Amino acid sequence: MMMTPAAYQTTVTVKGFEGTQALLELADHQIVRWPIKDLPEALTQGAVFQLVLSTPLSEEQHREELARAVLNTLLRS
């Protein structure tokens, strides 16, 4: 299965929270403010996760690659 290109993903660490915003530290130590409501519920300070950015086209390509991989697996069985 093909993954999202590395250029579109980065590791982030939750550095803290201010009001309704989470402070996310990127790998290059930049801080990004992100709405808490748009993050998974269980994240706490210090949590590390992958932030993936995509466009509708890259999402469509990803779905097609996933479908091909599943079909190939089924056909080989």
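Residues numbered from 1 in each chain as written. Predicted model: local features only at pLDDT ≥ 70, side-chain atom pairs only at ≥ 80, totals over all residues. Heavy atoms only, no water.

> Explain the overall build of the chain residue by residue, including any values.
Per the secondary structure count, the chain includes one helix and four strands. Moving toward the C terminus, one meets the helices and strands of the chain in the order β-β-β-β-α. Put simply, the chain has 77 residues, and 18% of those count as buried. For the chain, contacts bridging at least 24 residues in sequence account for 45% of all contacts bridging at least 6. (Helix = DSSP H or I, 4+ residues; strand = E, 2+ residues; numbered from the N terminus. Buried < 20%, exposed > 50% of the residue type's maximum accessible area, 1.4 Å probe, protein only. Contact = heavy atoms within 4.5 Å.)

> So what's going on with the sheet that holds strand β2 (residues 21–26)? Which residues, and what values?
Taken in spatial order, the four strands line up as β3-β2-β1-β4 in an open sheet, and their pairing is antiparallel. Sheet topology places β3 (31–35) and β4 (48–52) at the edges, where each strand pairs with a single neighbour. Geometrically, the sheet is characterised by an average inter-axis angle of 45 degrees between neighbouring strands, direction not taken into account. When strand β1 (residues 9–18) meets β2, the two strands line up antiparallel, connected through six bridges. Along β2, the bridge assignment pairs phenylalanine 17 with alanine 22. (Pairing = 2+ DSSP bridges. Axes fitted to C-alpha atoms, helices over the stretch in contact; angles between N-to-C directions.)

> Pulling in residues and values, what's your account of the nonpolar core?
Counting nine residues, the largest nonpolar core is built from Val12, Val14, Ala22, Leu24, Leu26, Leu39, Ala47, Phe49 and Leu51. Put simply, the parts of the chain that give this core at least two residues each are β1, β2 and β4. The element that contributes the greatest number of residues to this core is β2, accounting for three residues. Among all residues touching leucine 51, those that are not within four sequence positions of it are Tyr8, Gln9, Thr10, Val12 and Trp34. (Core = buried A, V, L, I, M, F, W, Y, C linked by side-chain atoms within 4.5 Å.)

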